[in-house]
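So the chains spell out like this:
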Amino acid sequence: MRSRSVLKLSSLAVAAMLASAIAQATPDNLLSPADSALPPFSMSDLGGGMKGLTIDLAAELSKQIGQKLNIDPASWSAALPGLASGKYDLLLAPVNVTPERAAMLLFSEPYLENDFLFLVKKDAPAIADPVGFKGKTIAVNKGSSFEAWVKSKAEELDLKVDTYGSGADAIQAVQSGRAFATLSSLQAAEWIGANNPQLKTSYRVRTGAVAAIAFPKNNPELQLRVSNALKCLKMNGVLPAIYEKWTGSKLAPTSPTVVVYEGIGVKGFEGYKPDAPKPVCK
């Protein structure tokens, strides 16, 4: 009986692997990774699938380009290597645009601001300036850009920096009172502030950085198709609506989630093309 059960499980595993391979190999489909523990962009749902901003974006882009965009549940650490190896066609989850990455990848126009946002307890005082954190303990995810920013201000503001193995642990430190605040990405903090009754968003760190969809350097045709579809989702209001659904926040008219930019790519970075065919929206 046990051997039959093992055989049945093995058969199911092989079938699942074959189905995955077929999905990746089908020319009618595109494949992007998405971390199943990266709210509000991608999260596991109770039905065994995934939900979030990236998942909704994939569905809407599929309609615009007339090609199915599949999501592969994969950790963020596997995303860029998977794109480089050809396993993935594109990275829908927001990729921070840097000169180093622009030298290796193609990008869509920006669709998210990559600012940082503090989270504090609900009863904490409002803070409109970093000086409001003077002398406080700030919990951060070890090795993150948030840790780097807080440490750069530590001497000036007399901050105590507590590092943790994960963002979730840093959040728990605030909830338990071990830390006054934690720092996170703008969209993640907005989502947490809207869904955690113990916490609220606080001071926003303007980094000037933006995030975009990434493509292999050798596929400018896909870059153009998806980039123009992204413009359509901005123009018809679908992308801003998806953002507000998952973050609970209203967007400024100047937000890259709203603004439709000229050309293809991110202006000021390698690979930007000021002239490109205009989008034809569905």
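The structure this text deals with has already been given above.
A. View of the overall build of the protein chain. Tallying secondary structure elements over the protein chain gives 9 helices and 14 strands in all. Viewed in the frame of its principal axes, the protein chain has a C-alpha envelope of about 65 × 55 × 30 Å. Expressed as a percentage of the 282 residues in the protein chain, the buried residues total 46%. Here the contacts in the protein chain between residues at least 6 apart in sequence split such that 70% fall between residues at least 24 apart. A total of about 14,200 Å² of accessible surface is found on the protein chain, and carbon and sulfur atoms cover 57% of it.

B. Examining the sheet that holds strand β10 (residues 137-141) more closely. In spatial order, the strands read β11-β10-β12-β9-β13; together these 5 strands make up an open sheet with mixed pairing. The strands lining the two open edges of the sheet, one partner per strand, are β11 (160-164) and β13 (199-205). Mean inter-strand twist for the sheet, computed between neighbouring axes without regard to direction, equals 35°. Where β10 lies against strand β12 (residues 181-185), 2 bridges are found, and the strand directions are parallel. Counted as the bridge partner of Ile-138 is Ala-181 from β12.

C. Broad picture of the sheet that holds strand β2 (residues 37-38). Across the sheet, 3 strands lie side by side as β2-β3-β4; this open sheet has antiparallel pairing. Each edge of the sheet is formed by a strand with only one pairing partner; in this case those strands are β2 and β4 (50-51). With 2 bridges connecting them, strand β3 (residues 42-44) and β4 associate as antiparallel partners. Each residue of the ladder has a partner; that of Ser-44, found in β4, is Met-50.

D. Structural context of the pairing of β11. Of the strand pairs in this sheet, β10 and β11 are connected by 5 bridges, and their pairing is parallel. Counted as the bridge partner of Asn-141 is Tyr-164 from β11. A crossover connection joins β10 to the parallel β11 through helix α5 (residues 145-157); in handedness this β-α-β unit is right-handed.

E. Examining helix α7 (residues 186-195) more closely. Across the 10 residues that make up α7, a large majority, 7, are buried. The complete set of buried residues in α7 reads Leu-186, Gln-187, Ala-188, Ala-189, Glu-190, Ile-192 and Gly-193. Next to the buried residues of α7 lie β8 (112-113), β9 (116-121), α6 (167-176), β12, β13 and α9 (238-247).

F. Up close: the state of the cysteines. Here the structure, examined in full by the defined rule, presents 1 disulfide. Disulfide pairing is shown between Cys-232 and Cys-281; the S-S distance is 2.0 Å. Between Cys-232 and Cys-281, the S-S dihedral sits near -85°, and the bridge is therefore left-handed. Residue Cys-232 is found in helix α8 (residues 220-235), and its partner Cys-281 is found in the segment after α9; the two are separated by 49 residues along the sequence.

So, how was this worked out
Residues numbered from 1 in each chain as written. Predicted model: local features only at pLDDT ≥ 70, side-chain atom pairs only at ≥ 80, totals over all residues. Heavy atoms only, no water. Helix = DSSP H or I, 4+ residues; strand = E, 2+ residues; numbered from the N terminus. Buried < 20%, exposed > 50% of the residue type's maximum accessible area, 1.4 Å probe, protein only. Contact = heavy atoms within 4.5 Å. Areas by Shrake-Rupley, 256 points an atom, 1.4 Å probe, with all protein chains shown as cover. Pairing = 2+ DSSP bridges. Axes fitted to C-alpha atoms, helices over the stretch in contact; angles between N-to-C directions. Right-handed = clockwise from strand over helix to strand, strands pointing away. Disulfide = S-S within 2.5 Å.

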